[in-house]
Amino acid sequence: MTDIRTALQRAARDLNASGSPSPRLDAEVLLMHLLGIDRLQLLLRPEMELTGEEDAGFSRWIERRSLGEPVAYILGEKEFWSLRFEVGREVLIPRPETECLIEEVLRFYRPPGKDLRVVDIGTGSGAIGVVLARELPAARVAATDISPGALAVARRNASAHGVSARMDFVQGDLFASFSGDFDIVCSNPPYIREEEYDLLPEGIRKFEPPEALMAGPDGVAFHRTIIREGAHRLRAGGRVFLEIGEGQREAVEALFEETGDYDDISFRKDYGGIDRVVSARKQG
Ligand SMILES: C[S@@+](CC[C@H](N)C(=O)[O-])C[C@H]1O[C@@H](n2cnc3c(N)ncnc32)[C@H](O)[C@@H]1O
């Protein structure tokens, strides 16, 4: 029989040997989920024995983590905007910095106006679209992705968070499958330059979908299309909100200025001090 203390020590040692940057924390999170207990219970009951099945299940998870698989994929979930989102290998794991994009949308649109029409391009797990549908109760939110697998996950997340009735899910290339115009266009599009991709941590390259990350030689291929086409898809006075990568501010600002269709271009930093979200207004 193995108790919690021994299981955690063994797991943290194995994860440390495999090069995990946070061995003890990963081991604790995985064991808490496996046993269905919180951190306090985990720490207060170090002598609690694991059943043979729990011990074997924990060892399998630790082995997966040792091979670099992100904890969120092992658990099948990730917290975003304090909500639990299902994730799987077909979707990018939502990142905390993407919450800055939501905050920026809400800065302009809360209290919510009536009948807002919103589109979330490249919805992945549905994180942005689902949260906006919850936060803007008068909005109808379209969510699009090129990946049918991602859209299936996004649909389940919308249903789990009670907003399916106000969301539409469309598979397609950026705006290609949509008609009509929008008040809000938002996207966290792929923004990794091709040559940067090989420098990403192994856990990302091995496990997260490359089509969710890579964006041509300059990293702003998707921003370019969304900004240009967005000018024809936004209602006058509507706004586009885009997540951007480190060092992309100038290139993205130039894309907005080139079209001559936008004003009030503003940038917002993430909590690490990096310009992370750009927003601009379609001129009226
Ligand atoms: C960086 S991920 C963002 C996922 C999610 N919105 C988030 O913030 O966690 C980009 C998403 O864009 C999707 N995507 C890639 N190319 C696309 C295209 N041409 N049209 C629509 N979606 C695309 C990918 O499948 C992926 O889900």
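Computed from a predicted structure; not experimentally measured.

### With respect to the nonpolar core
Formed by 32 residues in total, the largest nonpolar core has its most connected members in Ile102, Val105, Val118, Leu132, Leu136, Met167 and Ile184. The set of elements that each furnish at least two residues to this core consists of strand S4 (83–86), helix H6 (99–109), helix H7 (127–135), strand S6 (140–145), helix H8 (148–160), strand S7 (167–171) and strand S8 (182–187). Residues within four places of Leu132 in sequence aside, it is in contact with Ile102, Val105, Leu106, Val118 and Cys186. By size, the runner-up hydrophobic cluster in this structure holds 24 residues, among which are Ala142, Phe175, Leu255 and Val278.

### A few points about the sheet that holds S6
The strand order S7-S6-S5-S8-S9-S11-S10 describes an open sheet built from seven strands, whose pairing is mixed. Lying at the two open borders of the sheet, with one neighbouring strand each, are S7 and strand S10 (262–269). When the angles between neighbouring strand axes are averaged without regard to direction, this sheet yields 15 degrees. As paired strands, strand S5 (residues 117–121) and S6 are joined by five bridges and run parallel to one another. Following the sheet pairing, Val119 is matched in S6 by Ala142. On the sheet, H6 packs against S8, strand S9 (234–243), S10 and strand S11 (275–282) and is oriented at approximately 155 degrees with respect to S9. Sheet strands touched by helix H12 (residues 249–259): S9, S10 and S11. Its angle to S10, the strand with the most contacts, is close to 165 degrees.

### Quick notes on the site of the ligand
Around the ligand, the surrounding shell holds 18 residues, and the nearest of these are Gly122, Asp145, Asp173, Leu174 and Asn188. One of the backbone N or O atoms of Thr123 is found 3.3 Å from a nitrogen atom in the ligand. In the model, an oxygen atom of the ligand is placed 2.9 Å from a nitrogen or oxygen of the Asn188 side chain. Within the complex, the protein chains bury 95% of what would otherwise be the 590 Å² of accessible surface of the ligand. Comparing atom positions with the cavity grids shows the ligand to sit within the largest pocket. Looking at the shell around the ligand residue by residue, the classes come out as nine nonpolar, six polar and three charged.

### Brief notes about the domain arrangement of the chain
Taken domain by domain, the chain consists of domain 1 (2–67) and domain 2 (80–282). Placing the centre of domain 1 and that of domain 2 at their C-alpha centroids yields a distance of 35 Å.

### Quick word on the packing of helix H2 (residues 23–35) against helix H4 (residues 52–66)
One can describe the packing of H2 onto H4 by two numbers: an axis separation of 10 Å at closest approach and a directional angle of 140 degrees. Judged by the inter-axis angle, H2 sits oblique to H4. Read as a crossing pair, H2 and H4 show a hand that is right-handed. Here H2 contributes Asp26, Ala27, Leu30, Leu31, His33, Leu34 and Leu35 to the contact with H4, which in turn contributes Glu54, Gly57, Phe58, Trp61, Ile62 and Arg65. Within the contact of H2 with H4, the residues separate by chemical class into eight nonpolar, two polar and three charged.

### Examining the pairing of S5
Counting buried residues in S5 gives four out of five residues, a clear majority hidden from the surface. Remark: the S5/H7/S6 crossover connection has right-handed handedness. Two strands pair when backbone bridges link them, and S5 and S8 are joined in this way by four bridges, in the parallel orientation. Paired with Ile121 across the two strands is Ser187, which belongs to S8.

Cut-off values and rules
Residues numbered from 1 in each chain as written. Predicted model: local features only at pLDDT ≥ 70, side-chain atom pairs only at ≥ 80, totals over all residues. Heavy atoms only, no water. Core = buried A, V, L, I, M, F, W, Y, C linked by side-chain atoms within 4.5 Å. Buried < 20%, exposed > 50% of the residue type's maximum accessible area, 1.4 Å probe, protein only. Helix = DSSP H or I, 4+ residues; strand = E, 2+ residues; numbered from the N terminus. Contact = heavy atoms within 4.5 Å. Pairing = 2+ DSSP bridges. Axes fitted to C-alpha atoms, helices over the stretch in contact; angles between N-to-C directions. Near = heavy atom within 4 Å. Polar contact = N/O pair within 3.5 Å; in protein donor to acceptor, adjacent residues only side chain to side chain. Areas by Shrake-Rupley, 256 points an atom, 1.4 Å probe, with all protein chains shown as cover. 1 Å grid on protein atoms, 1.4 Å probe; cavity = no way out; pocket = protein on both sides within 12 Å on 5 of 7 lines; lining within 4 Å. Sits in = over half its atoms within 2 Å of the grid points. Nonpolar A, V, L, I, M, F, W, Y, C, P; charged D, E, K, R; others polar. Domains from an automatic or database assignment. Parallel < 35°, antiparallel > 145°, perpendicular 65-115°, else oblique. Left-handed = near helix turned anticlockwise from the far one by under 90°. Right-handed = clockwise from strand over helix to strand, strands pointing away.

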